[in-house]
Amino acid sequence: MTDVLKVDAEQPDPKALARAAELIRAGQLVAFPTETVYGLGANALSQEAVARIFEAKGRPTSDPIIVHIGDRAQLSLITPTPIDETAQVLIERFFPGPLTLVLPKANGVPANVTANLPSVGLRMPVHPVARALIHAAGVPIAAPSANTFGHTSPTNAAHVLADLGGRIPLILDGGDTPIGVESTILDLTARIPKLLRHGGVPLEAIQSALQEAGLPSHVEVIRRYAAQDETLQSPGMLLRHYAPYTPLTLVQATMGALGETLRRLAAESAPSTIGLLLADEDLDAVAGIPNAIILSVGSLTNLEQAAHQLFAKLRELDTLKVSAIYARDFPEQGIGSAIHDRLVRAAAGKILYA
Ligand code: TXA
Ligand code: MG
């Protein structure tokens, strides 16, 4: 049985938090909202508690888990201090918030958290429920996204329940997550910072922060899509990840070509119904297609809103049982880079140029 406890996103009920914190301290799992996506949390300092995360998600033990801290005082539990200057600058600027830094791991962090790596992913969430839960539990919380492995990340409690219902004791339901895509992951263990995953903090913002601090602002972007059987630096790099159950194709087209292409694809699929994941600007061009269910993530002029809606709309198309999903591509600027990345992976790399 999985209990779902509703909590106010801004001022979570202390009683609900106390119950969740007690479960964490007892080595159990609790799903909770962060500003990015829902996390599946366990006491990060307990090997046994963390083992339950891998079991509940069906996650390979080679995939390391991000540790969430509640305040600066917990930093030294996770990474040796003092930390280097680049990390200090980025922590100063982006913590708490949707940035994960990969840093050297402290001895007290159990080996299964980092999949035996000498480094650890560290982040300080800004969502009041996440912060209050870490505070109430009194320990850092290890948490991957609260979905079954490889599936679309959850942005509300219903998504978590659909994937993990019956496998975890408690979900704190704080409503929709504000950002909607996961944290940006930046590896600081090499001389040049490496971006392992686009996410809530745009790469451009990281570069300006480095520049303003008088540090080198170049970042190595690992544009790499790994096959399922490769040993990985970041399994978020798997080519197939964040995927709906329905096969998805990413469509890269000029404005004029998109409508025409989707119309033809729909006609070829008749009588079965296809799903289209588009932006408001596309809607006129696809109006009246008889066998298409059309969902929009909003205007191309508001990529934050598109990111916020992306995973929920993918899951919605899945539940509508369409035979195939076609998604428009998004510009690789700001948070659009994260949207583009998730869609390429949701499509397992299948891109249609039109
Ligand atoms: O926004 C987020 O980051 C969410 C919320 C819950 O905080 N968490 C999340 O976790 O997306 P997960 O496990 O779904 O994705 C974390 C990614 C994985 O691809 C993992 O491989 C990578 O972070 N990662 C964690 N520790 C790492 C490390 N030491 N070195 C390289 N990659 C690491
Ligand atoms: Mg994940």
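For the structure, see preceding data.
Read on for an overview of the structure. (Residues numbered from 1 in each chain as written. Chains lettered and ligands numbered in written order. Predicted model: local features only at pLDDT ≥ 70, side-chain atom pairs only at ≥ 80, totals over all residues. Heavy atoms only, no water.)

1. Some remarks on unusual backbone geometry
Thinking step 1. The step from Thr81 to Pro82 runs through a cis peptide bond, and the omega angle for that step is 0 degrees.
Thinking step 2. Along the chain, Pro82 falls in the loop between α3 (75–78) and α4 (85–94).
Thinking step 3. In the segment running from Phe95 into Pro96, the intervening peptide bond is cis, with an omega of -5 degrees.
Thinking step 4. When you line up the elements, Pro96 lands in the loop between α4 and β5 (99–104).
Thinking step 5. A positive phi is found at Ala348, a non-glycine position, where the angle reads about 50 degrees. (Helix = DSSP H or I, 4+ residues; strand = E, 2+ residues; numbered from the N terminus.)

2. Section: the side chain of Asp341
Thinking step 1. Following the sequence through the fold, Asp341 ends up in helix α11 (residues 336–346).
Thinking step 2. For Asp341, a relative accessible area of 6% gives the class buried.
Thinking step 3. A polar atom in the side chain of Asp341 sits 2.8 Å from the side chain of Arg345. (Buried < 20%, exposed > 50% of the residue type's maximum accessible area, 1.4 Å probe, protein only. Polar contact = N/O pair within 3.5 Å; in protein donor to acceptor, adjacent residues only side chain to side chain.)

3. Quick word on the sheet that holds strand β6 (residues 119–123)
Thinking step 1. Pairing is mixed across the open sheet formed by 11 strands, whose spatial order is β1-β8-β2-β3-β7-β4-β6-β5-β9-β10-β11. The open sheet has two free edges, formed respectively by β1 (3–6) and β11 (220–221), since each of these has just one partner strand.
Thinking step 2. In this sheet, strand β8 (residues 170–173) lies alongside strand β2 (residues 30–33) in parallel orientation, the contact comprising two bridges. Within the sheet, the bridge partner assigned to Val30 lies in β8 and is Leu170.
Thinking step 3. Contacts from helix α2 (residues 47–57) reach β3 (38–43) and β7 (141–142), with the element oriented near 145 degrees to β3. (Pairing = 2+ DSSP bridges. Contact = heavy atoms within 4.5 Å. Axes fitted to C-alpha atoms, helices over the stretch in contact; angles between N-to-C directions.)

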